[in-house]
Amino acid sequence: MALLKTNKVIYCLGNVSPALGVLATRNSSWWSGVQMGPPDPILGVTEAFKRDTNPKKMNLGVGAYRDDQGKPFVLSCVRKAEALIAAKQLDKEYLAIGGLGEFTKACAQLALGADNEVLKSGRSITVQTISGTGSLRIGGNYLARFHAGPHDIYLPKPSWGNHTPIYRDAGLQLKAYRYYDPSTCGFDFKGALEDISKIPEKSIIVLHACAHNPTGVDPKPEQWKEISEVVKKRNLLVFFDMAYQGFASGDIDRDAWAVRYFIEQGHNILLSQSFAKNMGLYGERVGGFTIVCNDAEEAKRVESQLKILIRPIYSNPPMNGARIAATILNTPDLRSIWLEEVHTMANRIIKMREQLVAGLKKNGSTHNWQHVIDQIGMFCFTGLKPEQVERLTKEFSVYMTKDGRISMAGVSSGNVGYLAEGIHAVTK
Amino acid sequence: MSVFSEVPQAAPVAVFKLSQDFANDQFPNKVNLGVGAYRTDEGKPWVLPVVKKVEKIIVHDDRLNHEYLPILGLPEFRSSASKIALGDDSPAIQQDRVGAVQCLGGTGALKMGAEFLRRFYNGNNNTKTPVYVSAPTWENHNAVFSNAGFDDVRPYKYWNPEKRGLDLAGFLGDLENCPEHSIFVLHACAHNPTGTDPTQEQWKQIAEVMMVRKLFAFFDSAYQGFASGNLEKDAWAVRYFVSLGFEMFCAQSFSKNFGLYNERVGNLTIVARDADSLKKVLSQMEKIVRTTWSNPPSQGARIVAVTLNSAELFAEWKDNVKTMADRVLLMRAQLKAKLQALGTPGTWDHITDQIGMFSFTGLNTKQVEYMVKEKHIYLMASGRINMCGLTSKNIDYVAESIHQAVTQVQ
């Protein structure tokens, strides 16, 4: 019998402790073949920054907002909401799989506008997700399982670094369409339209709703209209990623314009929303995923399938952040304060853009830095080449991603001059 | 023409549908013995006093904000949570071969472990490696592993309905005969749904076969502290396996023992052979986390970390856990006593032999239907009841109803 044989092996090889004997029967780890994974390109920047001892160091990597003192900013509407919530002495019972109802409703209204026909007819479903990443992943998983068209998802070139592995892990095939024009540091409108017009029917196309990450380059309304036409002609399924509503222009309705326009034009879109940046709720993981359907009946079927997808990943979402977001969105006073604070954050970034360009001119830079001001949102695609980025990091302790992207949120009036010096030094 | 016109309506998740039906029921004496969440003797959810205390501490700490946690989670949480499972003085921890990933509840921890195993265990992307889950098991186990890409999720013999206990011979038989390197999902304690755990001697036999057959131990620990009221006792099986030198995973949930259900606090503890392997495993875990949720939610993990890292709060927590476990033990004792007093046919020892939140009553589907429809007592079709749903006020009604179900419905 196998069991008897085992005993013999153990007691032969073991010394005093059977445990040692057991360990000796297998020499290698299950994981000896596992490769060391590379550090995350974006989050890895922060790790490297932390290790740097230069007092002038700057972290322009991850897109987390900082105030003008370079400190994380907890919005006062968040603190007020937390106080209100604490006073209610709520229990901690599981949320439904689809999340907190007051949150998902408010989340959809924020994106679509409270009086949107889609919401009135009940022909959409919004589920609470683990911030933007979780939303994109659920969307990807949903498409991999249910999308009747090609499982090719088209990202703008370039796109947020994490889009590719998210959609790949969800089971989709990654493709791209032209988007950023490095020669102008602006939108390659012609290239985008050309590429989109060639995408096979029923493929999926990802559009950044506003404040494109990493380039900060957004289509103008007229350009969005043409994009919508081509997308319609090609019968593509639109997946909007809106991680910066409010952060782009400072105005939440203006930033949602493209999303609302597309819906008006008849696109039944998928939409991912994040409240990490615009409410500063980063670590609370607050997001939403919406699918606009043909009618309420279809929305119910789709909802049931989303739940089936979510349950084996994390069962149901975390309450804390969603409760804060819902309280802010649904309490008029807090909502007003929030809108002001979003406006303030967006304005500070706009100001830093202006100061950076002014600083570069002052240093004598002869390059055209207009794109720094034209670009929108948290990020700036400086146009710096990898070698220049490397120098900026090594010589000036300015940390950013290799693609030349800087998070303007990490720039303050105290260090914008130093940054201008550094950028000038590596580009002159 | 909608791209989604062919999307079929999915069946609702049974346990949540049960709660919904209960909520909609107007019957004044209705009882919810479905979902596994603790209830006080007043039938109310219970936010642990220590949790309330810690939440106040957190809200008044100006140094805290809502910034992103690292991908793998809050370091103080991960290490203290692993210590809870493996013991403060665990040699494996001292040898730097224990790591952890903060996850969204126990489900999230199972998910991360499953995704990792599918990619890297028994070859690369070997979706054919069999994953064994107990018969019966928590219903979500199947979906977690199959959605992670495993093609072959199978049951291992566990519950013997005739003797209402562990089918050890069947279990060992499956361990002996399964393909080498199969993955086994083991319930660390308070087996869900049966409440039936192997004894220490039985665990020793299980471990021995698993070692010889080179099987992977993936523990699911959702009820540590809840089973016996004692953290160390409830972690015995996990620690025993570690002491034998297993490389293994342990998915921990703090939903029940901290009452933090909706904060989604979980931890995947990883025991590797050596520090080097561990580092590689964690680096790959980061990539899996990054495409699923990027980084985990901070609130719940912070509450647990603050509690576990303070001697005073830790003691208070253990006390709160014992309060919950003791109430469950009391309800078990009283339910059995009442059924025996009523002369309900059958033996009812299993109610007090079984451990943790749940009891597998042995009621058949017809009897369960009777309980739900006629008596407005909600329990799972399997006959599983949540002992926490019993209170001093409803226990007589439940006992009488069980009696009626057993005597009138076959």
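Since this is a predicted model, take the numbers as computed values, not measurements. (Residues numbered from 1 in each chain as written. Chains lettered and ligands numbered in written order. Predicted model: local features only at pLDDT ≥ 70, side-chain atom pairs only at ≥ 80, totals over all residues. Heavy atoms only, no water.)

Caption draft 1: Structural detail: the interface of chain A and chain B. Each partner contributes to the interface: chain A provides 81 residues, whereas chain B provides 80 residues. In terms of surface lost to chain B, no three residues of chain A exceed Trp30, Trp31 and Lys92 of chain A, which account for 13% of the buried area on that side. A salt bridge links Arg66 of chain A to Glu67 of chain B; its shortest N-O distance comes to 2.9 Å. Put simply, the parts of the chain that give the side of chain A that touches chain B at least two residues each are helix H1 (2-13), helix H2 (18-24), helix H4 (76-88), helix H7 (131-146), helix H8 (163-170), helix H13 (296-314) and helix H14 (319-330) of chain A. (Contact = heavy atoms within 4.5 Å. Buried area = accessible area lost by both parts, 1.4 Å probe. Salt bridge = Lys/Arg side-chain N within 4 Å of Asp/Glu carboxyl O. Helix = DSSP H or I, 4+ residues; strand = E, 2+ residues; numbered from the N terminus.)

Caption draft 2: Molecular detail of the pattern of salt bridges. Per the counting criterion, the structure on display carries 35 salt bridges over all chains. With a shortest N-O distance of 2.7 Å, Arg39 of chain B and Glu93 of chain A are connected by a salt bridge. One end of the pair, Arg39 of chain B, is in the loop between strand S1 (31-32) and helix H2 (49-59); the other, Glu93 of chain A, is in the loop between H4 and helix H5 (101-112), on a second chain. Since its relative accessible area comes to 17%, Glu93 of chain A is described here as buried. The salt bridge involving Glu194 of chain A is made with Arg178 of chain A; its shortest N-O contact spans 3.0 Å. Of this pair, Glu194 of chain A sits in helix H9 (residues 189-196) while Arg178 of chain A sits in strand S4 (residues 173-178); the two residues are 16 residues apart in sequence, bridging distant segments of the chain. When its relative accessible area of 31% is taken as the criterion, Glu194 of chain A is described as partly exposed. Look at Arg178 of chain A and you get partly exposed, because its relative accessible area is 30%. Three or more residues joined by partner-sharing salt bridges are found here, namely Asp169 of chain A together with Lys111, Glu115, Arg118 and Arg119 of chain B. (Buried < 20%, exposed > 50% of the residue type's maximum accessible area, 1.4 Å probe, protein only.)

Caption draft 3: Inspection of the sheet that holds strand S9 (residues 270-274) of chain A at higher detail. Residue and element names in this part refer to chain A. Pairing is mixed across the open sheet formed by seven strands, whose spatial order is S2-S10-S9-S8-S7-S3-S4. The open sheet is flanked by strand S2 (124-130) and S4, the only strands paired with a single partner. Strand-to-strand twist in this sheet, taken as the mean axis angle between neighbours without regard to direction, amounts to 25 degrees. Inspection of the sheet shows strand S7 (residues 204-208) paired to strand S8 (residues 237-242) by five bridges, in the parallel sense. Bridge pairing in S8 places Val206 opposite Phe239. (Pairing = 2+ DSSP bridges. Axes fitted to C-alpha atoms, helices over the stretch in contact; angles between N-to-C directions.)

Caption draft 4: Spotlight on the packing of aromatic side chains. Per the counting criterion, the structure on display carries 46 aromatic pairs over all chains. A ring pair is formed by Tyr94 of chain A and Tyr261 of chain B, whose centres lie 5.1 Å apart and whose planes are at 75 degrees; its orientation type is edge-to-face. With Tyr94 of chain A in the loop between H4 and H5 and Tyr261 of chain B in the loop between strand S9 (248-253) and strand S10 (266-271), the pair connects residues from two separate chains. Exposure remark for Tyr94 of chain A: the relative accessible area of 24% places this residue in the partly exposed category. Centroid distance Trp203 of chain B to Phe219 of chain B: 5.8 Å. Interplanar angle 50 degrees. Geometry classified as tilted. (Phe/Tyr/Trp six-rings, centres within 6.5 Å; stacked < 30°, edge-to-face > 60°.)

Caption draft 5: Molecular detail of the sheet that holds strand S4 (residues 153-157) of chain B. Residue and element names in this part refer to chain B. As summarised here, the arrangement of the seven strands in space is S2-S10-S9-S8-S7-S3-S4, forming an open sheet in which the pairing is mixed. Two strands in the sheet have a free side with no partner beyond their single neighbour: strand S2 (98-103) and S4. Within this sheet the neighbouring strands show an average axis-to-axis angle of 25 degrees, counted without direction. Of the pairings in the sheet, the one linking S2 to S10 comprises six bridges and is antiparallel in character. By the bridge assignment, Val98 is partnered in S10 with Val271. The strands touched by helix H8 (residues 200-212) are strand S7 (183-187) and strand S8 (216-221); relative to S7, the strand with the most contacts, the crossing angle is about 165 degrees.

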